[in-house]
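Reading the structure
One letter stands for each residue in the lines below.
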Amino acid sequence: MDDEIWQYYREDAMDWAAKRDEAFQISRQAHKQGDGLTAKKMSTYGKYCGQKCDIANKSAANAIFIQMNENRPLTEIDLHGLFVREAIERLEDRVIYALNNRMRQLDVIVGQGHHSKGGAKLKPSVMQFAKDNDIKYSIYEHNPGCIRFHFAQFAATPSIRDVQKEHIDLRDYDLAEYDLAEPRAEEPDTPGWWIIAFILFVIGFLKLVYG
């Protein structure tokens, strides 16, 4: 992914991050100098800038993901330009889709982390995600920045299984085991035979007495 594309989409978030950091720095300095009012004011503003930074990053992540994947088949997912948390969220969604559609494999493009401070972060995180969810994977020899997930005999973790429950097909179940008929209206109670016999006895007795 070109650095220009990443910077274009992240520019707004980086601006808010810079304002956030500056506000918190001023707040700390004011606190040390005993200026509680300024410290509180700048701390509040710093939190506001942090929230705006998060919103901008979410918008940037969506835009980057769409641009990097709009021309790719669903058997591939490119996570370039995303922070680790953003990438794992989208990867989990795609894995769920792959399982529900009985895909045999998924190619995950992560790059080699040449532009990451402190070394690659995304690739190890994706590999750990696969291990945590018992997904077999392999790394392309000719392209170390691509990891292939293999879904044969996949054993999902509870977190993934729980999301999969939303996609259950009723055809997988024998509905004959369940009573799906509409409830019948309750029939009115009818008097027992002994009540009818008693009434007839009383009527016969009255006829004999009063003729």
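Each remark here, short or long, concerns the structure printed above.
Tracing the backbone through its elements, the reader meets Asn69 in helix H2 (residues 36–69). There is a polar contact of 2.8 Å between the side chain of Asn69 and the backbone oxygen of Phe65. Not counting chain neighbours up to four residues away, the residues in contact with Asn69 comprise Glu76, Ile77 and Asp78.

The interhelical angle for the contact between helix H3 (residues 84–100) and helix H4 (residues 122–132), taken along N-to-C directions, is 35°, at an axis separation of 10 Å. The hand of the H3/H4 crossing is right-handed. Contacts between H3 and H4 involve Val84, Ala87, Ile88, Leu91, Glu92 and Val95 on the former and, on the latter, Leu122, Ser125, Val126 and Phe129. Here the residues of the contact of H3 with H4 are counted per class, giving eight nonpolar, one polar and one charged.

What the four strands build is an open sheet, ordered E1-E2-E4-E3; its pairing is mixed. Looking at which strands have only one partner, the edges of the open sheet turn out to be strand E1 (76–78) and strand E3 (136–139). In this sheet, neighbouring strand axes are inclined to one another by 20° on average, regardless of whether the strands run parallel or antiparallel. Across the face of the sheet, H4 comes into contact with strand E2 (105–109), E3 and strand E4 (146–150) while running at roughly 10° to E4.

The next subject is the packing of aromatic side chains. Scanning the model with the defined rule gives three aromatic pairs in all. Relative to Tyr48, the ring of Trp16 lies with its centre 5.8 Å away and its plane at 85°, an arrangement referred to as edge-to-face. With Trp16 in helix H1 (residues 3–32) and Tyr48 in helix H2, this pair connects stretches of sequence that are 32 residues apart. Owing to a relative accessible area of 40%, Tyr48 belongs among the partly exposed residues under this scheme. The interplanar angle of 15° and the centroid separation of 6.4 Å between the aromatic rings of Phe129 and Phe149 together place this pair among those described as stacked. Here Phe149 lies in strand E4 and Phe129 lies in helix H4, a separation of 20 residues in the sequence. Ring pairs connect the aromatic residues Trp16, Tyr45 and Tyr48, which therefore count as one cluster. Seen from the ring of Phe83, Arg10 lies directly overhead, with NZ or CZ sitting 4.1 Å from the centre. If you follow Arg90 out to its NZ or CZ, it ends over the ring of Phe65, 5.7 Å from the centre.

Parameters and conventions
- Residues numbered from 1 in each chain as written.
- Predicted model: local features only at pLDDT ≥ 70, side-chain atom pairs only at ≥ 80, totals over all residues.
- Heavy atoms only, no water.
- Helix = DSSP H or I, 4+ residues; strand = E, 2+ residues; numbered from the N terminus.
- Polar contact = N/O pair within 3.5 Å; in protein donor to acceptor, adjacent residues only side chain to side chain.
- Contact = heavy atoms within 4.5 Å.
- Axes fitted to C-alpha atoms, helices over the stretch in contact; angles between N-to-C directions.
- Left-handed = near helix turned anticlockwise from the far one by under 90°.
- Nonpolar A, V, L, I, M, F, W, Y, C, P; charged D, E, K, R; others polar.
- Pairing = 2+ DSSP bridges.
- Phe/Tyr/Trp six-rings, centres within 6.5 Å; stacked < 30°, edge-to-face > 60°.
- Buried < 20%, exposed > 50% of the residue type's maximum accessible area, 1.4 Å probe, protein only.
- Lys NZ or Arg CZ within 6 Å of the ring centre and 35° of its normal.

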